[in-house]
Amino acid sequence: MRPGSRSTLAIVVVSVLMGMLPPLDQAAAQPKPIRIGEINSYSGVATVYTFPYREGLALATKEINDAGGVLGRPLEFIHRDDKLKPDEAVKAARELVLQDKVDFLAGCISSSVGLAISAYAKDAKVLYFATHCQTSRLTWDDGHRYIAHTTNNVNQYVRVAAKKAASLPIKKWANISPDYEYGHNMWEEFSTYLKKLKPDVEFVQLNWPKLGESDHSSYITALLQSGAEGLFSSVWGAQSIAFVKQARPFGLFEKMRYLAPSVGNPDELDPLGKEAPIGAIATPFAWYDPGLNKLHPKLAGWAKKYTEWAKERGLKDPQPKLGGSWGYASAYIIAEAIKRAKSTDTDKVIGALSEGFEMDFPWGKVVMRGCDQQALPPQWIGVVKMDAQGKPIAADIEETPGREVARSCDEVKELRAAAAAKQKK
Amino acid sequence: MDFVTSLFPWITNGPLIVVQVMSGLSVAMFLFLVSVGMSLIFGVTRIVNLAHGSFYMVGAYLMVTLAEMLPDHPLAFWLALLVAPLGVGLLGGVIEVTLLRRIYHREPLLQLILTFGLILVIGTLVLLVWGPDNKSVARPEALAGSVKILGQPFPSYYLLVLALAPIVAVGLWVIFYRTRWGMLIRAATVDREMLGALGVDVATLYTQVFVFGSLLAGFGGALSAPTVAVALGMDGDVLTTAFVVVVIGGLGSFAGSFVSALLVGELQSFGILVFPAVSIVLLFAIMAVVLIVRPWGLLGHPEE
């Protein structure tokens, strides 16, 4: 063999391995897929959320394609890693649009990444489905016609939490939230809505540890002396686990009611185990809750299907997660918008989205609202308890339809006008 | 006095002040444990080991694995606390011999790039081995609860930390000032070439120091594991704090790390009481002040 042919062979082998060459026997027969460039954080800290999300998305895509696809064409997601960086995400978005010629963009877990892709989408006139990040600025303050948000935003679950807080005999609330966009957004939404519902509440000891702080002892002892009866917390993930583990032996949870939206999910409850904050109020996706299953008889079947799928795909923790449900819902919502538009043409799909529609999912009705292209899924709130086996769970789940709490279309108009006025200055 | 109590209502509450002091102390002791190894490695090899936080993370993850592997026995935790740092020391040794040894004489930028590369490699390996999910290590049964200090509950696990860190500090002092090996290390921080010229095998000394520094990082990680979530990303958070503590204390000075950890821990603790909103900048404000007054750190020495 000549050296040249050997390197040619190597290139062929590599390209086959990388999946760049389509299998010859199928390429001709299949209709052209609808391609969606999906940008999310697939390395590092966020993978605890994005891996289950990606499996939810993949499961729904498979179901959609097995049932004949969308407009007779299969749906295909092309994943890119944003490394949690807005500039990486925009670079990936540009490549996906210009080189890979995708029909739509999707993805994001970090709010700042979502906002960056959204800004690019607006300029490039490409429709972007924000699927995983949660800031309300996406479709509200900074909203435009080229973005749709397929999952709930901060406003919806924080308002449910504030409603619950208003119903408790607690007057003094303290705060511990990570010092960045999301943490401030959370506290702002919580404190203003709570004050509106219950004007005599007081706010004391507002703590802003840095995002990812590992040692909260000094914040905890400061909270102990604050005289607060309730503690709102928007620390999440590993930081939330660390905070709870550190606060418990100080007796913090006996002294004040803990309200932390994220703490009821298995990502945090399972590692906490015996150290879970019993009695804490949270806004989890408790797919195992008997009450929720009575309300939504199809939920158990979906949970089983998802778990089997995730297991098969090699996820170390295959149980259903919020992210899994979001990925699953996102694929179906995107497919539905294209179906309603009867076309993959960007303007036509935006037209379908701006009319709004409702979809039934195993966990209830999701409204895609037309005026802001924002999803309004059911919102849940519950209490952390121990089950009979001594495993912490979220229990006593109450459901509120998202559209009952979210800001109205008129309020969104005001937010957008205010943001536009601010920009002009 | 009325003015003072209205501004700081906690000032008359003795027990709370004591608990605040103690929580500051426990923060300080963790800071010391994670930063001293970094300072030591820099002092001798002149390498700013950016992968120090990664060693800390591996120490914590090894605790997770050992806690799962070992039988449910009261002594299992202590065995794990002993074995996990040794594992990290071994990892440090392999990295020193295969990689770092090649770049001691190259420009500092290359060293930074290499140790930064190690952060990425170790981070990815941890994701592959342990998966993306958050992990947790239970405190040993005897230290799971709290003790009452002047009527205020205080986590008993922190008492262990408050006891262990000074033991480590004294142990290090004994090693540095009372053993031949410690003398060689001190000599190496002052003049490496001369030490080599006097017939000391500097290459081996470097390896030993790097293993020892990694071991200390691993110990910090292993000891912290029960108080935090063992998760991806814990490397970066620790790296920043350790780096600031080392800079304040003086690069290469282990006593400096101790003093600096105490200073940062307590100032942060009371800073949170007084101005919770600015606590995030406190650490860096302290560093800025120290760098202005003494650019070489509290107990460091100015470079010639």
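Computed from a prediction, not measured in an experiment: that's the story for all the values here.

Visitor: Looking at this structure, I do not really get the overall build of chain A. What am I missing?
Guide: A count of helices and strands for chain A gives 17 helices and 15 strands. Relative to a compact globule of 425 residues, whose C-alpha radius of gyration would be 22 Å, chain A shows 23 Å and is just as compact. When the backbone C-alpha atoms are referred to their principal axes, chain A occupies close to 80 × 50 × 45 Å. For chain A, the residues scored as buried account for 51% of the 425 residues in total. Here the contacts in chain A between residues at least 6 apart in sequence split such that 70% fall between residues at least 24 apart.

Visitor: Would you mind going over the interface of chain B and chain A with me for this structure?
Guide: You'll often see interface size given as the accessible area lost when the parts meet. Listed per partner, the contact involves 40 residues of chain B and 39 residues of chain A. At the level of elements, helix H2 (14-45), helix H5 (108-130), strand E2 (152-155), helix H10 (234-249), helix H11 (254-274) and helix H12 (279-293) of chain B are the ones that each hand at least two residues to the side of chain B that touches chain A. At 8 residues, the largest contribution of residues to the side of chain B that touches chain A is made by H2(B).

Visitor: Can you help me understand the domain arrangement of chain A in this one?
Guide: Residues and elements named next belong to chain A. Each domain of chain A was delimited in the assignment, giving domain 1 (32-151 + 296-376) and domain 2 (155-278). Taken together, the contact pairs 9 residues of domain 1 with 9 residues of domain 2. Split into classes, the residues belonging to the side of domain 1 that touches domain 2 amount to 3 nonpolar, 5 polar and 1 charged.

Visitor: I'm lost on the nonpolar core in this one. Help?
Guide: A general feature of soluble globular proteins is that nonpolar side chains tend to end up buried together. Counting residues in each nonpolar core, the largest one holds 202 residues, and the members touching the most others are Leu105(A), Ile117(A), Tyr128(A), Ala161(A), Ile334(A), Leu33(B) and Met63(B). A per-element tally of this core places H2(B) first, with 16 residues. Both of domain 1 (32-151 + 296-376) and domain 2 (155-278) of chain A provide at least three residues apiece to this core.

Visitor: Just checking my understanding: could you explain the packing of helix H3 (residues 52-69) of chain B against H5(B) for this structure?
Guide: Axis angle and axis distance: for two packed helices, these are the angle between their axes and the distance between the axes, and together they describe the pair. Residues and elements named next belong to chain B. For the pair H3 and H5, interaxial distance at closest approach is 10 Å and the crossing angle is 15°. Looking at the two axes, H3 sits roughly parallel to H5. Crossing of H3 over H5 shows left-handed handedness. Contacts between H3 and H5 involve Ser 54, Met 57, Val 58 and Tyr 61 from the former and Leu 118, Ile 119, Ile 122, Gly 123, Val 126 and Trp 130 from the latter. Taken together, the residues of the contact of H3 with H5 sort by class into 8 nonpolar, 2 polar and no charged.

Visitor: Explanation requested: the packing of helix H3 (residues 47-66) of chain A against helix H13 (residues 299-312) of chain A in the structure shown.
Guide: Residue and element names in this part refer to chain A. Contact geometry of H3 with H13 gives a least axis separation of 10 Å together with a crossing angle of 110°. The orientation of H3 with respect to H13, classified from their angle, is roughly perpendicular. In this structure, H3 meets H13 at a crossing whose hand is right-handed. Seen from H3, the contacting residues are Pro 52, Glu 55, Gly 56 and Leu 59; seen from H13, they are Tyr 306, Trp 309 and Ala 310.

Visitor: For this particular structure, what's the right way to read the environment of Glu336(A)?
Guide: Residue and element names in this part refer to chain A. Structurally, the position occupied by Glu 336 is in helix H14 (residues 322-341). Judged by C-beta crowding, with 19 C-beta atoms within 10 Å, Glu 336 ranks as partly exposed. Between the alpha carbons of Glu 336 and Arg 369 there is a distance of 14 Å; along the sequence they are 33 residues apart. Apart from residues lying up to four places away in sequence, Glu 336 is in contact with Phe 357 and Met 359.

Visitor: Teacher, can you tell me more about the environment of Lys304(A) here?
Guide: All names here are of chain A. Within the fold, Lys 304 resides in helix H13. With 11 C-beta atoms packed within 10 Å, Lys 304 lands in the exposed category. Taking the C-alpha atoms as reference points, Lys 304 and Gln 319, 15 residues apart in sequence, are found 8.6 Å from one another.

Visitor: Teacher, can you tell me more about the pairing of strand E12 (residues 364-369) of chain A here?
Guide: Strand residues, when the strand is regular, have side chains that alternate between the two faces of the sheet. Residues and elements named next belong to chain A. In terms of strand pairing, strand E11 (residues 357-361) meets E12 through 5 bridges, oriented antiparallel. Within E12, the residue paired with Glu 358 across the bridge is Val 367. In textbook terms, the turn of a hairpin is the stretch between consecutive antiparallel strands, and for E11 and E12 this stretch comprises 2 residues. One ladder, built from 3 bridges, connects E12 with strand E13 (residues 374-376); its direction is antiparallel. Following the sheet pairing, Val 367 is matched in E13 by Leu 376. Connecting the antiparallel pair E12 and E13 is a turn made up of 4 residues, with Gln 373 showing a positive phi of about 55°.

Conventions we followed
Residues numbered from 1 in each chain as written. Chains lettered and ligands numbered in written order. Predicted model: local features only at pLDDT ≥ 70, side-chain atom pairs only at ≥ 80, totals over all residues. Helix = DSSP H or I, 4+ residues; strand = E, 2+ residues; numbered from the N terminus. Rg over C-alpha atoms; globule rule 2.2 N^0.38 Å. Buried ≥ 20, exposed ≤ 12 C-beta atoms within 10 Å, placed from the backbone. Contact = placed C-beta atoms within 7 Å. Domains from an automatic or database assignment. Nonpolar A, V, L, I, M, F, W, Y, C, P; charged D, E, K, R; others polar. Core = buried A, V, L, I, M, F, W, Y, C linked by C-beta atoms within 7 Å. Axes fitted to C-alpha atoms, helices over the stretch in contact; angles between N-to-C directions. Parallel < 35°, antiparallel > 145°, perpendicular 65-115°, else oblique. Left-handed = near helix turned anticlockwise from the far one by under 90°. Pairing = 2+ DSSP bridges.

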